[in-house]
Structures are given as structure tokens and as C-alpha cells.
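One letter stands for each residue in the lines below.
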Amino acid sequence: LFKQIDDPELSVEKLADQMATNRSHFQRKVKAITGLSPSEIIKTIRLEKANELLLAKNGNITEVAYQTGFSSQSYFTKCYTQHFGISPTQMLQKNK
């Protein structure tokens, strides 16, 4: 999963295929173990990685969004703000 985090095509279906199981079974197992859906886990991992990249100043917001598999900078900003309670721009300004 971590090696594929920049792939915007990464999906629950792909992960289930890699685990040699069907999507429904995979989703149920992951939800039972973690309490989160596989898509929530993927998004959380992407956001945490994006936060690391932003803090390390490894690119601007758009570059970081694409490096972490988000296909849209606006969607990335929305998800980031929901997850961290602060926009990526505000976080960068705060950590100058």
C-alpha cells in the first residue's frame, strides 16, 4: 500500500485483488479489524504522508496532492482540512 500511495488509481478493488480475495470480503475484514473502511484507510495514509511532505517542504500544495495520489488539488485541500482541522495553506504559514 505505501509503495502505491501516489497512484490515483489505487482502489479497494486493487487491494482486494492483491490480497487474493473479493472486494466485499476484504471490506468486511478490514472494517472488523480497524473500524475503518479500506477507502478511509487509504485516504488517511495519503493525508498523513501529505502532511509529512508539506512539513518537510517537499513541494507546494498541488505537487504534494499529486505525490500522494489525489487527482485534484481542491479535493485534497477539502480532505486535508477535514482531517487536520486546518487548511494546507494555513499549516504552511503556521510552520514557516
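Data block above holds the structure.
Only a predicted model underlies this, so the values are computations on that prediction, with no experimental measurement involved.

Student: I would appreciate a short explanation of the overall build of the protein chain in the present structure.
Tutor: Counting secondary structure elements, the protein chain contains six helices and zero strands. Along the chain direction, N to C, the helices and strands of the protein chain fall in the order α-α-α-α-α-α. Projected onto the principal axes, the alpha-carbon positions of the protein chain cover approximately 45 × 20 × 20 Å. When burial is assessed residue by residue, the protein chain has 31% of its 96 residues classed as buried. As displayed, the protein chain offers around 6100 Å² of accessible surface, 53% of which is attributable to carbon and sulfur atoms. For the protein chain, the separation between the mean place of its 13 positive charges and that of its 9 negative charges on side chains is 6 Å.

Student: Just checking my understanding: could you explain the layout of surface pockets for this structure?
Tutor: One water molecule sets the probe size; rolling that probe over the atoms shows where empty space is left. Estimated volume of the largest pocket: approximately 160 Å³. What lines the largest pocket is Pro8, Leu10, Ser11, Val12, Ser39, Ile42, Lys43, Arg46, Gly69, Phe70, Ser71 and Tyr75. Looking at the lining of the largest pocket, its residues break down into six nonpolar, four polar and two charged.

Student: What exactly am I supposed to notice about the environment of Ser11 here?
Tutor: Within the secondary structure, Ser11 sits in the segment before helix H1 (12-18). When the C-alpha atoms of Ser11 and Arg23 are compared, they prove to be 10.0 Å apart, with twelve residues separating the residues in sequence. For Ser11, the side chain forms a polar contact with the side chain of Glu13, separated by 3.3 Å.

Reading the values: rules and limits
Residues numbered from 1 in each chain as written. Predicted model: local features only at pLDDT ≥ 70, side-chain atom pairs only at ≥ 80, totals over all residues. Heavy atoms only, no water. Helix = DSSP H or I, 4+ residues; strand = E, 2+ residues; numbered from the N terminus. Buried < 20%, exposed > 50% of the residue type's maximum accessible area, 1.4 Å probe, protein only. Areas by Shrake-Rupley, 256 points an atom, 1.4 Å probe, with all protein chains shown as cover. Lys, Arg positive; Asp, Glu negative; His and termini not counted. Charge placed at Lys NZ, Arg CZ, Asp CG, Glu CD. 1 Å grid on protein atoms, 1.4 Å probe; cavity = no way out; pocket = protein on both sides within 12 Å on 5 of 7 lines; lining within 4 Å. Points joined across faces, edges and corners; volume = space filled by probe spheres on them. Nonpolar A, V, L, I, M, F, W, Y, C, P; charged D, E, K, R; others polar. Polar contact = N/O pair within 3.5 Å; in protein donor to acceptor, adjacent residues only side chain to side chain.

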